[in-house]
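Tertiary structure, described
Here is how the chains run, residue by residue.
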Amino acid sequence: MSDPDAARQQSQPTANSMRRALKRARDGVALDVTEAAVLLQARGTDLDDLTASAARVRDAGLEAAGRPGVITYSKSVFVPLTRLCRDKCHYCTFVTVPGKLRRAGHGMFMSPDEVLDIARKGAELGCKEALITLGDKPEDRWPEAREWLDAHGYDDTIAYVRAISIRILEETGLLPHLNPGVLSWTDFQRLKPVAPSMGMMLETTAERLWSEPGMPHYGSPDKEPAVRLRVLEDAGRSSVPFTSGLLIGIGETYEERAESLFALRRVARSYHGVQELIIQNFRAKPDTAMRGMPDAELDDLVATVAVARHIMGPAGNLQAPPNLVDGEYARLIGAGIDDWGGVSPVTIDHVNPEKPWPKLAELAGQSAEAGFELRERLCVYPEFVTRGEPWLDPRLLPHVRALADPDTGLAIADAPVVGRPWQEPDEGFVVASGRTDLHRTIDTEGRTSDRRDDFDVVYGDWEALREQAAPGMVPSRIDGDVREALAIAADDPTRLTDDQALALLHADGPALDALCRIADDIRKTVNGDDVTYIVTRNINFTNVCYTGCRFCAFAQRRTDADAYTLSLDQVADRAQQAWDVGAVEVCMQGGIHPDLPGTAYFDIAKAVKERVPGMHVHAFSPMEVVNGATRTGMSIREWLTAAKEAGLDSIPGTAAEILDDEVRWILTKGKLPTATWIEVVRTAHELGIRSSSTMMYGHVDQPRHWLGHFRTLAAIQQETGGFTEFVTLPFIHTNAPVYLAGIARPGPTTRDNRAVTAMARVLLHPHIPNIQTSWVKLGTEGAAEMLRSGANDLGGTLMEETISRMAGSSYGSYKSVKDLVAVADAAGRPARPRTTLYGSVPEERVRTAAASDGHLPELLPVLGD
């Protein structure tokens, strides 16, 4: 059995080490794990010294936040949506089993009527938060849970959480705060539109408490520390205000507890999304495996709060549950808390049912005695209320603003709590706005500034990112024999080992020349000498985006000078113009606009097909697919099926960047993870929706990441056969935030470009037959060189291009047909047009393109601008 007293059995710190650590805390010097572990053991006068310095840090933070002398709480109701769980924590009385629920006359889940009855009672008493707590993924363990969900029409527990949250918003006016346990990145996208905040206790990072038999988390898959840390990171990436914290006294050592606090600080610092930390003390409960273990001592809790305050700093919000401290409120206030958490006049604490909530008058009186005014907040903290987007979804803003003081972000205590419609924003994607001529003026007037106005906050903490990026940017030592690898590549590329492939990816000089000749020979065998191109138009229908991709200079806030959104008519007009000059395809992608309904993508595809029925609609990156699916509540498969019915013909394989999360989470704050990208393209292929594949390289990556990316694409293609081509995308650094912050290198070298193009041909052979080079990013001479290094395709005329141009590309926004033919000529090869799927172009389209040279005449207006 676990030993929650382990921390107390450690050797005591020396007097010198305690004095030194206390002085560093008093002086405001950053602590390390060892010093924090020492301070966690402070008692007596040492503890008084520690809490005094922690309280000063807290007071400075409250002063800076504009609420000096204020301690907050949330007036809430506790909704135990289901007490079933797949985990088996040894201290938990919240979780039960189906048989006990049946005998007590309860369902496997609370019914909507039961939930709404509690919420309505709370609203009548002025509560503003519905704390929805439940066990982790009960359907994975209990058939009865699966049967209940199926009977009520829900695919999984998260679907029910989403549905009941909408009903709470619409029928009662309470704001849901969701504690559904471990969530995936996709789960966050599904739930963010229905809840202003979410939470999950980290509890501890002590691996042994999960992995060793007899420990409190043994047998509980969702309590693995790495899994829980990933959830906190995904919350930050998704811009979800998130509550977390520690459960102390469950067997962790003081050093393990300190390490847990530093892990929480790292996440908070990286993403700025941890809205509060709860420091909760273990209380033994009857009928649990840990019922005989001693409760965490009050001194232990006080010391942990004080150390947490020093580690999290003045901006952190710290909470300790007031019902678990037997009235010792003053000691917790003195240790540095600034919040009492949720307090309910309606429901019990279902996690600690033996400990009733204090009366609000008592809590206010105790706070006042300590010199603090008790003020009500919402479930989402004031800082996030005042930040607004991207932290609060537009569909939630009316609900939050109805209850929040616009100046402080705190709750309006006497605000009427009434239901309000939860719906897509009015006029969300119908009316054009902003700099809709950017596709033309980017080449003449340029962008207004080199970065968006919220550069310093939207991407996370740059210093933390530098530390995270440094290890991955160290080149690997290459021991492979280049000559042997070249021989195998020439004979049978499929036999190349990873070590041999890496040696070739690092090739330079004569070895690189030889590699490019081998790749070009493979190209000639597979594709012949023809260089293909497509007459197409890019239509980027909005550049408003809050995802926080650190490589992207295209994305703007809705209020930025270069922001724009096209109307459906403007999208259709541009498609018509492209058809009139010989296009066979429009490629349509846009930012993740917060007002964009998930069905808007269908409307965009329909608008093009209705105006130009013969146009191939190549549109919507995997990130846009996930955005559409989560906003509509549909599965990825259902959404893609509906998009296909609306007119979608194929999807671009963009949003891939590098399919390695080590690199991915440095490049982007909130974009979909590798596994989700793979899920989208695999599902599209299964539905008969073909896609391209891409790789953006030359930033914080190394050849080992390129190799992994190629291997992943080849494996998908062998399974689905759905990729039409592979497109090389050299990183454009000039205006990229990650470069401006001094983290990324200034794009790939010529050597890199040649090696990537050649190895794409070698490693993707024979699975992906077409390798495309990007004239937008490389220019005419660079593209011609890639045609001699294994590429067979030049991409499209584009007609307009804003993404690379906003990033700082100097090669223009379009190429005419003659321009593309000239690039092929420079490589000594003939050129011919193609369709999206690499078929022959109808003669009528060829003649029309030839007549206009495949680009829009200067005098042709962009209709509706």
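What counts as what
- Residues numbered from 1 in each chain as written.
- Predicted model: local features only at pLDDT ≥ 70, side-chain atom pairs only at ≥ 80, totals over all residues.
- Heavy atoms only, no water.
- Helix = DSSP H or I, 4+ residues; strand = E, 2+ residues; numbered from the N terminus.
- Buried < 20%, exposed > 50% of the residue type's maximum accessible area, 1.4 Å probe, protein only.
- Polar contact = N/O pair within 3.5 Å; in protein donor to acceptor, adjacent residues only side chain to side chain.
- Contact = heavy atoms within 4.5 Å.
- pLDDT = per-residue confidence, 0-100.
- Phe/Tyr/Trp six-rings, centres within 6.5 Å; stacked < 30°, edge-to-face > 60°.
- Lys NZ or Arg CZ within 6 Å of the ring centre and 35° of its normal.
- Disulfide = S-S within 2.5 Å.
- Expected span 1.5 Å × (residues − 1).
- Pairing = 2+ DSSP bridges.
- Salt bridge = Lys/Arg side-chain N within 4 Å of Asp/Glu carboxyl O.
- Arc of directions from axis to C-beta.
- Right-handed = clockwise from strand over helix to strand, strands pointing away.
- Core = buried A, V, L, I, M, F, W, Y, C linked by side-chain atoms within 4.5 Å.

1. Side note on the side chain of T836
- Its place among the elements puts T836 in the loop between β21 (831-833) and α35 (843-852).
- Classification of T836 by relative accessible area gives buried; the value is 6%.
- At 2.6 Å, the side chain of T836 forms a polar contact with the side chain of E585.
- Excluding residues that lie within four positions of it along the chain, T836 makes contacts with I534, E585, H616, H618, S650 and T724.

2. As for the confidence of the model for the protein
- Looking at the protein, pLDDT values average 90 and 91% of them are 70 or higher.
- Long-range and interchain partners of residues 803-812, a stretch whose pLDDT sits below 50, account for 39 contacts in this model, where long-range means more than four residues apart.
- Scored below 50 in pLDDT, residues 859-865 makes 17 contacts in the model with residues more than four places away or belonging to other chains.

3. Points about the packing of aromatic side chains
- For the structure shown, the criterion picks out 16 aromatic pairs.
- An angle of 45° between the planes, with centres 4.9 Å apart, marks the rings of Y154 and Y160 as tilted.
- Residue classification places Y160 among the buried positions, given a relative accessible area of 0%.
- Ring geometry for F710 against F726: centres 5.4 Å apart, planes inclined by 70°, an arrangement best described as edge-to-face. Taken together, the positions of F710 in helix α29 (residues 703-720) and F726 in strand β18 (residues 723-730) put the pair 16 residues apart, joining distant regions of the chain. With respect to burial, F710 and F726 carry one shared label: buried.
- Aromatic rings pair up to connect F541, Y601, F602, F620 and W639 into one cluster.
- Above the face of the F384 ring, R387 is positioned so that its terminal group lies 4.3 Å from the ring centre.
- Between R834 and the ring centre of Y838, over which it is positioned, the NZ or CZ distance is 4.0 Å.

4. Remarks on the state of the cysteines
- For the structure shown, the criterion picks out 0 disulfides.
- C89 carries a free sulfur, and the closest cysteine sulfur to it, the one in C92, is 6.1 Å from it.

5. Notes on helix α12 (residues 298-312)
- Helix length check: α12 (15 residues) gives 21 Å between terminal C-alpha atoms against 21 Å at 1.5 Å per residue, within 8%.
- Here α12 lies mainly inside the structure; 13 of its 15 residues are buried.
- A positive phi of about 85° marks G313, the residue just after α12.

6. Re the pairing of strand β2 (residues 129-134)
- When you tally the buried positions in β2, you get 6 out of 6 residues, the bulk of the element.
- Along β2, one buried face is formed by E129, L131 and T133 and the opposite face, lined by A130, I132 and L134, is buried too.
- Sheet topology places strand β1 (residues 70-82) next to β2; 6 bridges connect them, and they run parallel. Counted as the bridge partner of T82 is L134 from β2.

7. Concerning the pattern of salt bridges
- Considering all chains together, one arrives at 50 salt bridges under this definition.
- Note that R257 is salt-bridged to D300, the shortest N-O span being 3.1 Å. A residue pair is termed long-range when its members are at least 10 positions apart, and R257 in helix α11 (residues 254-271) and D300 in helix α12 qualify at 43 residues.
- A residue is classified by how much of its surface remains accessible, and D300, at 2% relative accessible area, is buried.
- We note a salt bridge from R283 to D295, for which the minimum N-O separation is 3.1 Å. Here the residue R283 occupies a position in the loop between β6 (274-281) and α12, and D295 occupies one in the loop between β6 and α12, the gap between them amounting to 12 residues.
- Using a relative accessible area of 30% as the deciding quantity, one classes D295 as partly exposed.

8. Quick word on the side chain of S53
- For S53, the position within the fold is in helix α3 (residues 45-65).
- Of note is the side chain of S53, whose polar atom sits 2.8 Å from the side chain of H310.
- Once you skip the residues sitting within four places of it in the chain, S53 turns out to touch A25, R26 and H310.

9. Quick word on α35
- Buried within α35 are the following residues: R845, T848, A849 and S852. Looking straight down α35, one finds that the buried residues subtend no more than 95° of arc, so they occupy a single side. When the buried face of α35 is taken as reference, the exposed residues oriented beyond 90 degrees from it are E843, A850 and A851.
- Contacts made by the buried residues of α35 are with α23 (568-580) and α34 (817-826).
- The positive-phi residue at the C-terminal boundary of α35 is D853, with phi of around 65°.

10. Description of the pairing of β6
- Among the 8 residues that make up β6, 8 are buried, leaving the element largely enclosed by the rest of the structure.
- Relative to β6, strand β5 (residues 242-248) is paired through 7 bridges, and the arrangement is parallel. By the bridge assignment, T243 is partnered in β6 with E276.
- For the handedness criterion, the β-α-β arrangement of β5, α11 and β6 is classed as right-handed.
- Strand direction decides the pairing type here: β6 and strand β7 (residues 318-319), joined by 2 bridges, are parallel. For I278, the partnering residue across the bridge sits in β7 and is Q319.
- A crossover connection joins β6 to the parallel β7 through α12; in handedness this β-α-β unit is right-handed.

11. Overview of the nonpolar core
- Counting residues in hydrophobic clusters, the biggest one holds 128 residues, and the most contacted among them are M588, W677 and F710.
- If we skip the residues at most four places from it in the chain, M588 touches I539, F541, V571, I604, V608, V617, H618, A619 and F620.
- Among the nonpolar cores identified, the runner-up in size contains 123 residues, and F78, L175, V305 and A306 belong to it.

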